[in-house]
Amino acid sequence: MHTGFLTIYWRDMIRFVRFRTLLISSLVQPALWMAFFGIAMSANFDRLGAGIPIVPGSIQVPYLTFMGAGVIAMTTLFTSLFGGIVLLFDKNWGLMREILASPLPRNHIILGIGLSGMTKSFIQAFIIIGFGLLIGVGFFAGFAPVDTIIALLGVMLFVAVFSLGFLFFSAAISISMETPEGLQGIITLLTMPIFFASNALYPVSAFPVFLQELSKWNPLTHLINGIRYFAIGDEFYSIGVHYSQTPADIFLSFSVLVGFAVSMFLVAWWRFRVAVVT
Amino acid sequence: MAEDGNIIEVKDLFHAYGDVQAVDGISFAVRKGEIFSFLGPNGAGKSTAINVLTTLQRLQKGEAMVAGFDVSKESQKVRESIGIVFQEVTLDRDMTVWEILEFHGRLYSMGREERRTRIEELLELVELASKRDVLTKHLSGGMKRRLEIARGLMTRPIVLFLDEPTIGLDPQTRIRMWGYIQEVNRQGTTIFLTTHYMDEADQLSDRICIMDRGRIIARGRSWELKNTLGQDLIYLETSDNDEAERILGSVPDVKSIGRKSKGLLVMITADGTHLLPVLIERLREKHIGIVTVNLKKPSMDDVFVHYTGREIRDESQEKQSTAPGRK
Ligand SMILES: Nc1ncnc2c1ncn2[C@@H]1O[C@H](COP(=O)(O)OP(=O)(O)OP(=O)(O)O)[C@@H](O)[C@H]1O
Ligand SMILES: [Mg+2]
């Protein structure tokens with residue numbers, strides 16, 4: 001097997017650890033979200049949800065736990081959407097010429113960037129989980145050690161496929177754009193609907209119908225479903241809303257993410273095949 | 001279309017950026033094992049031609065073959081056969097000297113051992129061994145250029161493209177670079193280089209194409225090109241240049257006479273040391289005073305001026321004095 005993508009991966013990771021401020025801010029930022037937004041909002045939401053009766057025997061999950069999954073998903077989304085921007089800088093600074101003129105198959109550039117972005121998302125997810133557990137996020141509550149490991153692997157699998165999808169997307173846009181401002185514009189335009197038409201921070205059941213429909217097609221919703229299924233459980237209550245997922249639901253969510261990643265890879269591949277740099 | 005012994009063949013190549021016809025129909029062939037150069041002023045279309053041959057730009061019109069592969073249809077194969085040193089600095093500012101070379105070796109799937117030994121060899125060669133762990137942003141302009149040349153030599157390609165390789169280097173370093181380039185060439189790599197330095201084309205290359213405004217206006221070996229200007233060149237300033245031109249024009253060994261702002265440039269087909277006294281005598285007889293005389297062998301500069309009707313423009317001077325780089 002050609003391992004050229006590891007070369008791209010290696011270089012991107014060098015840069016990741018070399019730019020200290022970027023590294024540290026990308027690690028601290030998700031923790032700050034948890035700390036400020038999470039703790040502030042959970043007081044509100046838990047009070048709202050407190051009066052609603054629940055089915056006896058099912059688990060009531062505090063808001064902090066509910067949104068912990070949302071913060072992982074959101075962080076993965078942002079990191080991945082911006083993950084391709086290095087390609088744009090490489091292009092503008094002439095560094096992409098070396099790579100494009102080399103025999104490295106172009107799909108390996110996409111794979112390498114995908115792999116390094118995925119690694120960054122893993123690191124961030126672990127930080128959020130670790131920090132979350134410290135401040136009282138109830139992930140893996142009552143799980144045996146083996147179950148915890150399986151749950152972690154499940155979360156990682158979902159994060160991996162989801163991040164690859166958006167990294168490929170980001171790579172495709174970056175190689176086609178002229179300026180970072182253009183890329184930033186597109187990303188800002190996209191993050192809003194993706195983020196708010198999802199169940200990251202609040203339940204979608206009270207949304208208007210078309211937004212509910214939209215959220216069903218939103219990869220972010222499927223990522224969050226996966227994370228909650230593995231980290232919290234297949235059935236729970238939060239903010240007065242009942243959540244229940246069968247393995248079939250989760251398989252469907254996973255399939256949607258895989259489909260998304262594969263199609264984004266194909267788009268990126270096409271963009272790279274026709275890419276020219278001057 | 002490949003003919004034996006040719007490593008690059010280009011036929012009727014055109015390339016435009018919008019309205020700008022950067023390459024305007026060029027055809028040429030580079031033979032296996034030679035050093036071939038494109039000499040021309042800024043904007044002549046040299047880099048554009050290189051970009052097309054190295055598959056960085058799509059071939060718009062014409063045919064091009066590099067190392068036996070069609071540039072437009074077998075671009076992957078072409079990329080496997082070539083190395084390039086770009087005109088602009090293309091070093092990641094935040095990688096070390098060693099990392100730059102390591103990355104390049106990996107891009108070309110060189111084995112680990114081969115990579116390591118080659119990097120050591122090259123760092124010695126370009127005298128950057130002591131800078132191994134320095135970030136490239138902390139190198140001087142000339143060191144960056146040396147590093148880029150080392151990078152181009154890493155993979156021992158079949159054809160090495162050098163786009164203005166010695167831009168921004170001091171004279172000693174330039175001469176050393178020529179040495180490396182010739183050494184790599186001796187080891188079997190065909191070199192395609194572009195330059196707007198006359199002496200570089202002259203000293204380094206086996207064959208030269210003079211390019212101007214997207215076209216090849218002259219080609220041949222350095223001495224062949226110079227010989228088209230005759231054996232020697234005589235520059236004269238006289239009290240009456242018009243009359244002098246008329247008189248000298250009738251001398252059999254005078255090939256042609258060019259007008260300069262203050263004097264005449266006389267191309268002769270005989271040995272100047274013997275002909276010059278004769279010419280001076282002719283002018284004296286007609287009472288034309290001579291202000292300045294200069295006898296010299298034609299240089300590439302003269303060749304360029306002869307074919308284009310103008311000096312290599314002054315921008316090249318500016319480029320020479322500023323270090324290469326985007327910053
Ligand atoms: N990316 C581009 N977009 C538009 N025009 C371009 C581009 N690159 C080059 N040109 C134009 O094409 C012409 C040829 O440029 P090119 O870079 O090939 O010249 P060159 O011979 O390499 O010059 P130099 O000695 O300055 O490097 C110039 O008129 C230039 O303005
Ligand atoms: Mg150029």
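Everything below is about the structure printed above this text.
Residues numbered from 1 in each chain as written. Chains lettered and ligands numbered in written order. Predicted model: local features only at pLDDT ≥ 70, side-chain atom pairs only at ≥ 80, totals over all residues. Heavy atoms only, no water.

1. Notes on the sheet that holds strand β7 (residues 159-163) of chain B
All names here are of chain B.
- With mixed pairing, six strands are arranged side by side in an open sheet as β6-β7-β8-β3-β9-β10. At either margin of the open sheet sits one strand with a lone partner, and together these are β6 (82-85) and β10 (215-220). When strand polarity is set aside, the average angle formed by the axes of neighbouring strands in this sheet is 15 degrees.
- When β6 meets β7, the two strands line up parallel, connected through four bridges. Residue pairing for β7: G83 is matched across the bridge by L160.
- The strands touched by helix α5 (residues 141-153) are β6 and β7; relative to β6, the strand with the most contacts, the crossing angle is about 175 degrees.
- Strand contacts of helix α11 (residues 300-308): β3 (35-39), β9 (207-212) and β10, with the helix running at about 40 degrees to β9, the strand carrying the most contacts. (Pairing = 2+ DSSP bridges. Helix = DSSP H or I, 4+ residues; strand = E, 2+ residues; numbered from the N terminus. Axes fitted to C-alpha atoms, helices over the stretch in contact; angles between N-to-C directions. Contact = heavy atoms within 4.5 Å.)

2. What about the pattern of salt bridges?
- A complete count under the given rule lists 33 salt bridges over all chains for this structure.
- For E183(B), the salt bridge goes to R186(B), with nearest N and O atoms at 3.0 Å. Highlighted residues: E183(B) and R186(B), both in helix α6 (residues 171-186), separated by three residues, approximately one helical turn.
- Given a relative accessible area of 33%, E183(B) falls into the partly exposed group.
- Judged by relative accessible area, which is 61%, R186(B) ranks as exposed.
- If you follow the salt bridges from partner to partner, you end up with R11(A), D12(A), R15(A), D90(A), K120(A) and D92(B) in one network. (Salt bridge = Lys/Arg side-chain N within 4 Å of Asp/Glu carboxyl O. Buried < 20%, exposed > 50% of the residue type's maximum accessible area, 1.4 Å probe, protein only.)

3. A word on the interface of chain B and chain A
- With 31 residues of chain B in contact, the opposing surface of chain A contributes 27 residues.
- Between chain B and chain A, roughly 2700 Å² of surface is buried when both sides are summed, and carbon and sulfur atoms account for 59% of that area.
- The largest share of the area that chain B buries against chain A comes from L56(B), F103(B) and L107(B), three residues that together contribute 24% of it.
- Taken together, the links from chain B to chain A amount to five salt bridges. (Buried area = accessible area lost by both parts, 1.4 Å probe.)

4. Notes on the coordination of the magnesium ion (ligand 2)
All names here are of chain B.
- The coordination sphere of the magnesium ion (ligand 2) contains the protein donors S47 (OG) and Q87 (OE1), at a distance range of 1.9 to 2.0 Å. In this pair, S47 sits in helix α1 (residues 46-53) while Q87 sits in the loop between β6 and α3 (97-107), placing the two residues 40 residues apart along the sequence.
- Given a relative accessible area of 13%, Q87 falls into the buried group. (Donors = N, O, S within 2.8 Å, 3.2 Å for Na, K, Ca; no water.)

5. Let's talk about helix α10 (residues 219-231) of chain A
Residue and element names in this part refer to chain A.
- A rise of 1.5 Å per residue sets the reference length of α10, with its 13 residues, at 18 Å; its end C-alpha atoms lie 18 Å apart and thus fit the reference within 8%.
- Within α10, eleven of the 13 residues are buried, which leaves it mostly tucked inside the rest of the structure.
- Along α10, the residues classified as buried are P219, L220, T221, H222, L223, I224, N225, G226, I227, R228 and A231.
- Of the surrounding elements, those touching the buried residues of α10 are α3 (63-83), α7 (145-176), α8 (180-196), α9 (209-216), β1 (235-238) and α11 (247-273).
- Backbone nitrogen of L220 and a side-chain oxygen of the N-cap are separated by 2.9 Å at the start of α10; the cap is N218.
- Note on α10: the residue one or two positions beyond its end, G233, has a positive phi of about 150 degrees. (Expected span 1.5 Å × (residues − 1). Polar contact = N/O pair within 3.5 Å; in protein donor to acceptor, adjacent residues only side chain to side chain.)

6. A short note on the layout of surface pockets
Residues and elements named next belong to chain A.
- Roughly 820 Å³ of internal volume is contained in the largest pocket.
- L22, S26, F82, I85 and K120 are, among the 26 residues lining the largest pocket, the residues nearest its centre.
- Every element with two or more residues in the lining of the largest pocket is listed here: α1 (4-18), α2 (20-50), α3, α4 (85-92) and α6 (106-135).
- Of the residues assigned to the lining of the largest pocket, the class counts are 13 nonpolar, seven polar and six charged.
- Of the pockets and cavities examined, the second largest pocket occupies roughly 530 Å³.
- Lining of the second largest pocket is provided by 20 residues; of these, V204, K216, T221, N225 and Q245 occupy positions nearest its centre.
- Residue assignment for the lining of the second largest pocket shows that the elements contributing at least two residues are α9, α10, β2 (241-244) and α11.
- Partitioning the lining of the second largest pocket into residue classes produces seven nonpolar, eleven polar and two charged. (1 Å grid on protein atoms, 1.4 Å probe; cavity = no way out; pocket = protein on both sides within 12 Å on 5 of 7 lines; lining within 4 Å. Points joined across faces, edges and corners; volume = space filled by probe spheres on them. Nonpolar A, V, L, I, M, F, W, Y, C, P; charged D, E, K, R; others polar.)

Just distances and angles here, no functional claims.
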